[in-house]
Amino acid sequence: MSILFQGRATGATAAKVSLWRKFVMFWVAHLRQAVTSLGEIWLTPASSLLTVAVIGVSLTLPVTLHLVVKNLQQVGQGVDKAAQISLFLQQDTNETQIAELLALLQADPQIAAVAFIDKGQALTEFKQSSGFGDSLDYLDDNPLPHVVLVTPADTSAAAASALLKQLQQERYIEIAKLDIGWLERLDAIVSLVRQAAVAVALLLVLALLLVVGNTIRLMVLSKKDEIEVMKLVGATDSYIQRPFLYTGIWLGLFGGVLTFLIEEVLMWWLEQGIARVTQLYEGSFQLQPMSLAELGYLLLGAILLGLLGSYLAVRRTIMQIDAAGV
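This structure is a prediction, so every number in the text was calculated from the model and none was measured.

1. Side note on the environment of L287
Turning to step 1, where the next piece is worked out: Mapped onto the elements, L287 comes out in the loop between α9 (237-280) and α10 (292-325).
Turning to step 2, where the next piece is worked out: Sequence-wise, L287 and E271 are 16 residues apart; in three dimensions their C-alpha atoms are separated by 6.5 Å.

2. A look at the sheet that holds strand β4 (residues 173-177)
Turning to step 1, where the next piece is worked out: Spatial strand order, β2-β3-β1-β4: four strands in an open sheet with antiparallel pairing. Bordering the open sheet on either side are β2 (111-117) and β4, each of which pairs with just one other strand. On average, adjacent strands in this sheet sit at an angle of 20° to one another, irrespective of strand direction.
Turning to step 2, where the next piece is worked out: Summarising the sheet, β2 and strand β3 (residues 147-152) pair through six bridges and their orientation is antiparallel. What sits directly across from I111, in β3, is P152.
Turning to step 3, where the next piece is worked out: This element, helix α4 (residues 95-106), spans β1 (85-89), β2, β3 and β4 of the sheet and lies at about 160° to β2.

3. Some points on unusual backbone geometry
Turning to step 1, where the next piece is worked out: In this model, Y172 sits at a positive phi of 75°, which is unusual for a non-glycine residue.
Turning to step 2, where the next piece is worked out: Structurally, Y172 can be placed in the loop between α6 (157-167) and β4.
Turning to step 3, where the next piece is worked out: Take Y172: its relative accessible area is 13%, and that puts it in the buried class.

4. Things to note about the pattern of salt bridges
Turning to step 1, where the next piece is worked out: Inspection of every chain in the model, using the stated rule, returns three salt bridges.
Turning to step 2, where the next piece is worked out: Close ionic contact of K70 with E294 constitutes a salt bridge, the shortest N to O distance being 3.1 Å. Note that K70 is positioned in helix α3 (residues 45-77) and E294 in helix α10, a separation of 224 residues in sequence.
Turning to step 3, where the next piece is worked out: Among the salt bridges present, the one from R171 reaches E100, with a minimum N-O distance of 2.7 Å. You can see R171 sitting in the loop between α6 and β4 and its partner E100 sitting in helix α4, a full 71 residues away along the chain.
Turning to step 4, where the next piece is worked out: Given the relative accessible area of 38%, E100 is considered partly exposed.

5. Quick notes on the nonpolar core
Turning to step 1, where the next piece is worked out: Residues L59, I216, V220, F244 and V314 are the most contacted members of the largest nonpolar core, which totals 25 residues.
Turning to step 2, where the next piece is worked out: Only α3, α7 (181-222), α9 and α10 provide two or more residues apiece to this core.
Turning to step 3, where the next piece is worked out: Excluding residues within four positions of it along the chain, F244 makes contact with I216, M219, V220, K223, I227, S310 and V314.

6. Looking at the packing of aromatic side chains
Turning to step 1, where the next piece is worked out: All chains considered together, the criterion is met by one aromatic pair.
Turning to step 2, where the next piece is worked out: Taking the centre distance of 5.8 Å and the plane angle of 25° together, the rings of W250 and F254 count as stacked. Residue W250 and its partner F254 are located together in helix α9, separated by four residues, close to a single helical turn.
Turning to step 3, where the next piece is worked out: On the basis of relative accessibility, which here comes to 32%, the residue F254 falls in the partly exposed class.

7. Focus on the confidence of the model for the chain
Turning to step 1, where the next piece is worked out: Averaged over every residue, the pLDDT of the chain is 77; the share at 70 or more is 76%.
Turning to step 2, where the next piece is worked out: Low pLDDT (under 50) marks residues 1-13, which in the prediction has zero contacts with non-local residues, meaning those over four places away or in another chain.

So, how was this worked out
- Residues numbered from 1 in each chain as written.
- Predicted model: local features only at pLDDT ≥ 70, side-chain atom pairs only at ≥ 80, totals over all residues.
- Heavy atoms only, no water.
- Helix = DSSP H or I, 4+ residues; strand = E, 2+ residues; numbered from the N terminus.
- Pairing = 2+ DSSP bridges.
- Axes fitted to C-alpha atoms, helices over the stretch in contact; angles between N-to-C directions.
- Contact = heavy atoms within 4.5 Å.
- Buried < 20%, exposed > 50% of the residue type's maximum accessible area, 1.4 Å probe, protein only.
- Salt bridge = Lys/Arg side-chain N within 4 Å of Asp/Glu carboxyl O.
- Core = buried A, V, L, I, M, F, W, Y, C linked by side-chain atoms within 4.5 Å.
- Phe/Tyr/Trp six-rings, centres within 6.5 Å; stacked < 30°, edge-to-face > 60°.
- pLDDT = per-residue confidence, 0-100.

Below, the structure written as structure tokens:
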């Protein structure tokens, strides 16, 4: 009896868990559920592959339109000669005035390059290209003016047109010319394709949310009995939803990878035809594929779509299970 009274009676004690251990246990639990959800996808290969294929093919269209816009912008940026402004100087402009004008133009940050064509050089080139040959030697005076070719730093139609209006006000300039009609048409095409890409992307985002949501909803309903048992033992909604959310993430990730592979094949196929056309026109255009940053945005967007679609579906389905069990 004395032994019983020597110590103080104690009951169950709660061990304190350190913050570091809580942090590790949190991520271990998430990792376990992520791996488990990946296994669930593996157990239903037919429906999972179909969902991944739908995601991959659906994302291919807006991504392709984005790459079209990207390459069209490259075309617009690579046509410096087409955006050149021709400045025809006054006939009585002397060498000092020409040097003053060239220095002024070269110091302008809106101008990328300046080239001067002497009227004597222009007449020589005109003889060679016009076919008149020696007939022009009988002219008393050279009728051609000095010409300054100005390449804008920004070759867009709006920027080139604004620079043209500015240069027309400069001294010693008789006429300033710029053919921006085709640049304006190119800008309009780029804007149209960009708007189409946004519209198509919004429609496909809605479609993908429905596809992923339907897949997750069927998975939740197939585990209805398990969910009801987990509810009885005190499992929270967030704990029940988490594996399905990871399933949506995996589906989005695999769909994004599939989109990238489709785009790579498509770019390779188009590059063959573009190379032949470029060779015929003796050009140097090179198709720009998806960059590493764009790939990251694609995968992130696909993952977020999968996560959002699965969250909406599992949340609504669990609420329906709760309502049916009441």
